[in-house]
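One-letter residues, chain by chain:
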Amino acid sequence: MTSIGTAMTSAVDDGEAGFTLVEVIVALAMLSLGLTLVMSLFSTGLLRTGMAERLAGAVSLAQSVLAQVGPVIPLRTEARAGTEANGYQWRLTMQPYRPVQGGDVRTVELYQVSVQVGWLEGQDPRSFALSTLRLGPRATKSP
């Protein structure tokens, strides 16, 4: 029969009592690498979310300007521009899609209406454009 002291000494002598310093260092290195990757993904996600929000704002502004053509902005050959308080700049152009020949007596004409919205993303300029066709009164030529 063995005593309790000898049973404990043989367990410690077998090297099964705990982790070695090398194992602890490797585990901490793996943990720090994993945390670095997770934080990198998190910061990239936040950056992409901000870019998506700015693009959504530009799309909303372009749709809003296009919706004003007809009810608020008269449909004619023209170019307009504006700046919004949130840093967006827009440019609206309206021109005949295919100018009709002089002998045509139609009273309506097809217009190409385009809106381009620009903004700065950090130091990089970004832009978004929408274009549509609208039916409106025929452009008259001034003498």
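Parameters and conventions
- Residues numbered from 1 in each chain as written.
- Predicted model: local features only at pLDDT ≥ 70, side-chain atom pairs only at ≥ 80, totals over all residues.
- Heavy atoms only, no water.
- Pairing = 2+ DSSP bridges.
- Helix = DSSP H or I, 4+ residues; strand = E, 2+ residues; numbered from the N terminus.
- Salt bridge = Lys/Arg side-chain N within 4 Å of Asp/Glu carboxyl O.
- Buried < 20%, exposed > 50% of the residue type's maximum accessible area, 1.4 Å probe, protein only.
- pLDDT = per-residue confidence, 0-100.
- Core = buried A, V, L, I, M, F, W, Y, C linked by side-chain atoms within 4.5 Å.
- Contact = heavy atoms within 4.5 Å.

1. Considering the pairing of strand β1 (residues 78-83)
Here is step 1 of the chain: The sheet contact formed by β1 and strand β2 (residues 89-96) spans six bridges and is antiparallel. In the sheet register, Ala81 faces β2, and the bridge partner there is Arg91.
Here is step 2 of the chain: Hairpin connection of β1 to β2: five residues between the antiparallel strands, including Gly87 at a positive phi of 95 degrees.

2. Some remarks on the pattern of salt bridges
Here is step 1 of the chain: Evaluation of the coordinates by the stated rule reveals three salt bridges.
Here is step 2 of the chain: Notably, a salt bridge pairs Arg80 with Glu78, separated by 3.0 Å at the nearest N-O pair.
Here is step 3 of the chain: A salt bridge links Arg126 to Asp124; the nearest nitrogen and oxygen atoms lie 4.0 Å apart.
Here is step 4 of the chain: On the basis of relative accessibility, which here comes to 35%, the residue Arg126 falls in the partly exposed class.
Here is step 5 of the chain: A single network of salt bridges, built from pairs that share partners, joins Arg76, Glu78 and Arg80.

3. A few points about the pairing of strand β4 (residues 124-137)
Here is step 1 of the chain: As judged from the 14 bridges shared by strand β3 (residues 108-121) and β4, these two strands associate in the antiparallel manner. Within β4, the residue paired with Tyr111 across the bridge is Arg134.
Here is step 2 of the chain: Remark: two residues form the turn of the hairpin made by β3 and β4, two consecutive strands paired antiparallel; Gly122 in that turn has positive phi of roughly 70 degrees.

4. Side note on the confidence of the model for the chain
Here is step 1 of the chain: In this model, the chain carries an average pLDDT of 84, and 82% of its residues clear a pLDDT of 70 or more.
Here is step 2 of the chain: Confidence, expressed as mean pLDDT per element, reaches its minimum in the chain at helix α1 (residues 4-13) with 53 and its maximum at β2 with 94.

5. Digging into the environment of Asn86
Here is step 1 of the chain: Its place among the elements puts Asn86 in the loop between β1 and β2.
Here is step 2 of the chain: The class for Asn86 is partly exposed, based on a relative accessible area of 46%.

6. What to know about the nonpolar core
Here is step 1 of the chain: Judged by nonpolar contacts, the single largest core of 17 residues is most densely connected at Leu92, Met94, Val113, Val115 and Val117.
Here is step 2 of the chain: Looking at this core, the elements that each hand over two or more residues are α2 (21-68), β2 and β3.
Here is step 3 of the chain: Those residues in contact with Met94 that lie beyond four places of it in its chain are Val69, Ile73, Pro74, Leu75, Arg76, Thr77, Glu78, Gln112 and Val113.

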